[in-house]
Amino acid sequence: EADIYQTPRYLVIGTGKKITLECSQTMGHDKMYWYQQDPGMELHLIHYSYGVNSTEKGDLSSESTVSRIRTEHFPLTLESARPSHTSQYLCASSAQSGTGKNIQYFGAGTRLSVL
Amino acid sequence: AQRVTQPEKLLSVFKGAPVELKCNYSYSGSPELFWYVQYSRQRLQLLLRHISRESIKGFTADLNKGETSFHLKKPFAQEEDSAMYYCALSLGGGYQKVTFGTGTKLQVIP
């Protein structure tokens, strides 16, 4: 079934640790996105990708990095986690063309807590 | 830069009452507007988009370019409508970044 998967769903980690948040989609979409969302607040775009080997920073500055080596995979990495990184991270994808173009499909999110 | 404004963080209505969630945007071109919804413990998902001109779960939204608004309306609120609603704007074309509003929590009181 076509879907977008995020792992882990919850992560509690100590300051200074390196972490990678996984995002994979079987939607066949070219475009993928990472958003940061604090509880009850707006979504902030932190990274996006229009295809393999294409990554761009979003509207909100983030210390995280992303890679897009495979179309279906768009992991986000924090080299040294800090308490200020505590937030929910949402991954999304959208189609390049067709009637569904511009519609974003979201994963379930990863809730990160850095102690 | 484009901006989406949702003036209400929380909107409480009684079951059966009409609902209007406000959304205003700032962009001089021809954007594409969306409403996304997040029910409790569920993913953020598309509710409707202006180009579809359809009613989803009894909700409708009309793009008013003169007032740069895209308000979400439903004539009779149901308890299952309680959720977080986000208005969003895309510049369209090959540029598919989406700008989201701050969201409005709709609480339908039984």
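It should be noted that the structure appears before, not after, this text.
Overview of the structure. (Residues numbered from 1 in each chain as written. Chains lettered and ligands numbered in written order. Predicted model: local features only at pLDDT ≥ 70, side-chain atom pairs only at ≥ 80, totals over all residues. Heavy atoms only, no water.)

1. Side note on the interface of chain A and chain B
Keep this limit in mind: Any two residues having at least one pair of non-hydrogen atoms within 4.5 Å are treated as being in contact. Here's the idea: put two parts together, see how much 1.4 Å probe accessible area each one loses, and the total over both is what we call buried area. In the sections that follow, a salt bridge refers to a side-chain nitrogen of Lys or Arg positioned within 4 Å of a carboxyl oxygen of Asp or Glu. Helix and strand assignments come from DSSP, with helices taken as H or I runs of at least 4 residues and strands as E runs of at least 2, each series counted from the N terminus.
On the chain B side, the residues contacting the 26 residues of chain A number 22 residues. Both sides together, the interface formed by chain A and chain B hides about 2,000 Å², and carbon and sulfur atoms give 46% of it. At the boundary of chain A and chain B, one finds one salt bridge. Here Asp-3 of chain A and Arg-43 of chain B are joined by a salt bridge, their closest N and O atoms 2.8 Å apart. Those elements that provide at least two residues to the side of chain A that touches chain B are β4 (31-37) and β5 (43-51) of chain A.

2. What about the side chain of Gln-6 of chain A?
In plain terms, the rule: Polar contacts here mean pairs of N or O atoms no more than 3.5 Å apart (in protein, one a potential hydrogen donor and the other a potential acceptor; neighbouring residues in sequence count only if both atoms are side-chain atoms).
Tracing the sequence through the fold places Gln-6 of chain A in strand β1 (residues 4-7). At a separation of 3.0 Å, a polar atom in the side chain of Gln-6 of chain A contacts the main-chain carbonyl oxygen of Tyr-89 of chain A.

3. Points about the pairing of strand β3 (residues 19-25) of chain A
All names here are of chain A. Filter applied, for reference: With a 1.4 Å probe rolled over the protein chains alone, any residue whose accessible area is under 20% of its type maximum counts as buried; one over 50% counts as exposed, and the rest are partly exposed. Pairs of strands are assigned from DSSP output, requiring at least two bridges between the strands.
Along β3, the buried face is formed by Ile-19, Leu-21, Cys-23 and Gln-25; none of Thr-20, Glu-22 and Ser-24, which line the opposite face, is buried. In this sheet, β3 lies alongside β1 in antiparallel orientation, the contact comprising four bridges. Looking at β3, one finds that Gln-6 is bridged to Cys-23. The sheet contact formed by β3 and strand β8 (residues 76-78) spans three bridges and is antiparallel. If you follow Ile-19 over to β8, its bridge partner there is Leu-78.

4. A closer look at the side chain of His-71 of chain B
Residue and element names in this part refer to chain B. Tracing the backbone through its elements, the reader meets His-71 in the loop between β7 (60-61) and β8 (72-74). The exposure class assigned to His-71 is buried, which follows from its relative accessible area of 16%. Here Cys-23 takes part through its backbone nitrogen, which lies 2.9 Å from a polar atom of the side chain of His-71. Setting aside anything within four residues of it in sequence, one finds His-71 in contact with Glu-20, Leu-21, Lys-22, Cys-23, Asn-24, Trp-35, Thr-60, Ala-61 and Asp-62.

5. Side note on the nonpolar core
What counts is decided by this rule: Nonpolar cores were defined as sets of buried Ala, Val, Leu, Ile, Met, Phe, Trp, Tyr and Cys residues, with membership established by side-chain atoms within 4.5 Å.
With 25 residues, the main nonpolar core has Trp-35, Leu-47, Leu-48, Phe-70, Leu-72 and Tyr-85 of chain B as its most contacted residues. Elements with a contribution of two residues or more to this core: β2 (10-14), β3 (19-21), β5 (32-38), β6 (45-49), β9 (83-90) and β11 (104-109) of chain B. The element best represented in this core is β9 of chain B, accounting for four residues. Once you skip the residues sitting within four places of it in the chain, Tyr-85 of chain B turns out to touch Gln-6, Leu-21, Trp-35, Tyr-36, Val-37, Tyr-39, Leu-47, Phe-59, Leu-72, Gly-103, Thr-104 and Leu-106 of chain B. Ranked by size, the runner-up nonpolar core spans 18 residues in total, among them Leu-11, Cys-23, Met-32 and Val-66 of chain A.

In short, geometric facts, not functional conclusions.
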